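Given next are the chains, with one letter for each unit.
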Amino acid sequence: MELHPGDPGFLKHLWSWVSTRPWFPCRGSGFRIIESWSRGRIMHLVVNACGYTLYLPLMLSQNEPGLPPKYYARIGGAYIYEAGYSPEYYESIALDELFTVEGSVPDVFEVHPVEGVYTNLVALLRSRQGLMVAKTYRIVEPPNPEPLLLDVLWKAGYGAVPRLVAVVRARPLDDVAILIEEHVDGVEGAHVFADLLESYIDGEDTLEESRWLAERLGRSVGELHKALASCGHPEVGPYTVDWGDVEAWRRRLESRITLLGRLGSGEPWLDLLPLVGEAARRAAGMFKIFVGRRKMLLHQDLHLYQTLYSEDRGFVFIDFEGEPGRGAPRLSREPPARDLACMIRSFNYLAVEHLASRLGGYRRLVSLLRRRHAEQVLMDRLAEWEEAVVDAFLKGYVVVVAGLSEEIHGVPGHELAGWLREAVKPWLVERGLYEALYEYTYRPEAVAVPLLGVSTGLRGF
Ligand SMILES: Nc1ncnc2c1ncn2[C@@H]1O[C@H](COP(=O)(O)OP(=O)(O)O)[C@@H](O)[C@H]1O
Ligand SMILES: [Mg+2]
């Protein structure tokens, strides 16, 4: 049977493919098309599904694409796949009056998917102008801060972010649709630290190299915050925190706890929620220490997978779009301690992921609560590693930032080291709850990882 895009049957088949992709935020949910336009073989859909607005540019082709099978479907007589994986999509930008371009789109002749990415479509572009990376945003939550932050940082002379090549805005989205940037050589920081952790656990390594690298990372985050705080852009800040901010952060904590309670019915991680709830109450009480201190636009989603590391260039930070799914607007200004807490959570993630794999799966994590002394030696060693890297990370950060501590944090330089130790605490919980909800959406089997981190930690058994 031949199906055409105008047929109701076509959309039904298309949706049953789209809504079962690993990046789709609400598996199996219904949808409503709010905008659509076609240019040649590309069909652009803007869709509402379970509270999200999604941008889905799709290629309809008679020829089988040169992609692994999970990337395409056969519907009626045609092959369907996301247009971001085809050079034609990048060619079509200049011809489509619904797009506006800042910078210039390269001449792309080959596209490869970047694997293991959840929210956005990320592709490696081979072009006549060199190797580049394109990101097509599937979730639309205007305004997306990524182009603004990359531009501001680059103009401030900060080199530890990718150079922007083109920002493509789509009128129907009222926001950026595609971002094209320089390809950065390097390995995701998470892999570098995971290898170091592994060799420490196996007794092949001391803590020295982990400490050295964590301190280097701390210095790089310090440079990032210095560049943001001194850029002079009114969207970025810094500004002064008031009680209204504190109330908003408290409400955020409360709504996340409520939501997790609702989603957790029958889930193995439900047992962790009373402890998590207690941590959230303590965190809510701590936010008041920020009143009168500084807040600014941050990276907002700073973790080890958002860094690319090479010996030459050190750590390069990527993915400045904030936390997908937090809800618009993503341009909220927060105390810079929050970025540090996100990174500290990321070290804890590596340790807990390691624990889960040694135990034989995520489900076993929750059962640790009942078998308190199981795996004590391993957990102590993981905790030692985590404490060492967090300590070195904060030390590196303070070395770089202490001279501008008043401007960036609203805290005298000589108090900064001690103050930060406290200031990250409520954000560790707030971020951990975000992570749990993110996992619920994309990797439901892993919800216990952040919940364990924010409730007992590795020392808490
Ligand atoms: N400029 C770049 N150079 C090299 N690799 C990149 C670049 N940007 C992204 N990547 C790779 O793609 C992955 C996903 O990109 P990211 O911007 O973090 O998207 P997402 O918002 O979907 O997480 C990164 O973890 C990294 O491996
Ligand atoms: Mg990312």
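Residues numbered from 1 in each chain as written. Chains lettered and ligands numbered in written order. Predicted model: local features only at pLDDT ≥ 70, side-chain atom pairs only at ≥ 80, totals over all residues. Heavy atoms only, no water.

Take the site of ligand 1 next. Taken together, 19 residues lie near ligand 1, and Asn120, Glu181, Val184, Glu188 and Asp319 sit nearest. One of the side-chain nitrogen or oxygen atoms of asparagine 120 is found 2.8 Å away from an oxygen atom of ligand 1. Separating an oxygen atom of ligand 1 from a side-chain N or O atom of lysine 135 is a distance of 2.9 Å. If ligand 1 stood free it would expose 550 Å²; the protein chains cover 88% of that surface. Listing elements by their share of the shell around ligand 1, those giving two or more residues are strand S9 (130-136) and strand S11 (175-182). Of the residues belonging to the shell around ligand 1, the class tally is nine nonpolar, four polar and six charged. (Near = heavy atom within 4 Å. Polar contact = N/O pair within 3.5 Å; in protein donor to acceptor, adjacent residues only side chain to side chain. Areas by Shrake-Rupley, 256 points an atom, 1.4 Å probe, with all protein chains shown as cover. Helix = DSSP H or I, 4+ residues; strand = E, 2+ residues; numbered from the N terminus. Nonpolar A, V, L, I, M, F, W, Y, C, P; charged D, E, K, R; others polar.)

Structurally, alanine 160 can be placed in the loop between helix H3 (146-155) and strand S10 (164-170). Setting aside chain neighbours within four positions, we find alanine 160 in contact with Phe315, Val316 and Phe317. (Contact = heavy atoms within 4.5 Å.)

Here we take up the coordination of the magnesium ion (ligand 2). Protein-derived coordination of the magnesium ion (ligand 2) comes from Gln306 (OE1) and Asp319 (OD), at a distance range of 2.3 Å. In this pair, glutamine 306 is assigned in the loop between strand S14 (294-295) and strand S15 (307-310) and aspartate 319 in the loop between strand S16 (314-317) and helix H8 (337-359), connecting sequence segments 13 residues apart. Exposure remark for glutamine 306: the relative accessible area of 6% places this residue in the buried category. (Donors = N, O, S within 2.8 Å, 3.2 Å for Na, K, Ca; no water. Buried < 20%, exposed > 50% of the residue type's maximum accessible area, 1.4 Å probe, protein only.)

The next subject is unusual backbone geometry. With an omega dihedral of -5 degrees, the bond running from proline 142 to proline 143 counts as a cis peptide bond. Its location among the elements puts proline 143 in the loop between S9 and H3. Here glycine 237 and proline 238 are connected by a cis peptide whose omega angle stands at 5 degrees. Within the secondary structure, proline 238 sits in the loop between helix H5 (208-230) and strand S13 (239-240). Residues other than glycine seldom take positive phi values, yet aspartate 174 does so here, at roughly 55 degrees. Its place among the elements puts aspartate 174 in the loop between S10 and S11. Look at glutamine 300: it is not a glycine, yet its phi comes out positive at around 80 degrees. Summarising the element assignment, glutamine 300 is placed in the loop between S14 and S15.

Glancing now at the nonpolar core. Membership of the largest hydrophobic core comes to 105 residues, with the highest contact counts inside it found for Phe193, Leu217, Phe347, Leu365 and Phe393. Mapped onto the domain boundaries, this core takes at least three residues apiece from domain 1 (8-182) and domain 2 (187-455). Sequence-distant contacts of phenylalanine 193, defined by excluding residues within four places in its chain, comprise Ser210, Leu213, Ala214, Leu217, Leu304, Phe315, Phe347, Leu350, Trp385 and Val389. If you look at the next biggest cluster of nonpolar residues, it comprises 33 residues, including Ile42, Val140, Val165 and Ile178. (Core = buried A, V, L, I, M, F, W, Y, C linked by side-chain atoms within 4.5 Å. Domains from an automatic or database assignment.)

Between two aromatic rings, the relevant description is the distance of the centres plus the angle of the planes. All chains considered together, the criterion is met by 22 aromatic pairs. For the pair tyrosine 89 and tyrosine 90, a centre-to-centre distance of 5.3 Å together with 70 degrees between the ring planes defines the contact as edge-to-face. Taking the centre distance of 4.8 Å and the plane angle of 55 degrees together, the rings of phenylalanine 287 and tryptophan 427 count as tilted. Note that phenylalanine 287 is positioned in the loop between helix H7 (273-286) and S14 and tryptophan 427 in helix H12 (residues 416-442), a separation of 140 residues in sequence. Under the relative-accessibility criterion, tryptophan 427 is labelled buried at 0%. An aromatic cluster is defined as three or more aromatic residues linked by ring pairs; in this entry it consists of Phe193, Tyr309, Phe315, Phe347, Trp385 and Phe393. (Phe/Tyr/Trp six-rings, centres within 6.5 Å; stacked < 30°, edge-to-face > 60°.)

On to the state of the cysteines, then. Within the structure shown, the criterion is met by one disulfide. Looking at cysteine 231, it has no disulfide partner, and the nearest cysteine sulfur is the one in cysteine 342, 19 Å off. Cysteine 231 sits in the partly exposed class, given a relative accessible area of 24%. Owing to a relative accessible area of 0%, cysteine 342 belongs among the buried residues under this scheme. (Disulfide = S-S within 2.5 Å.)

The subject of this paragraph is the domain arrangement of the protein chain. The domains assigned to the protein chain are domain 1 (8-182) and domain 2 (187-455). Relative to domain 2, the C-alpha centre of domain 1 lies at a distance of 29 Å. Residue-level contacts link 30 residues of domain 1 with 34 residues of domain 2. Its largest share of buried area at the contact with domain 2, domain 1 owes to Glu141, Leu149 and Tyr158, together 23% of the area lost on that side. One can count three salt bridges joining domain 1 with domain 2. At the surface where domain 1 touches domain 2, the tally comes to eight residue pairs in polar contact (both at pLDDT 80 or more). Element by element, the count of residues in the side of domain 1 that touches domain 2 is highest for H3, at seven residues. Residues that form the side of domain 1 that touches domain 2 fall into these classes: 21 nonpolar, four polar and five charged. (Buried area = accessible area lost by both parts, 1.4 Å probe. Salt bridge = Lys/Arg side-chain N within 4 Å of Asp/Glu carboxyl O.)

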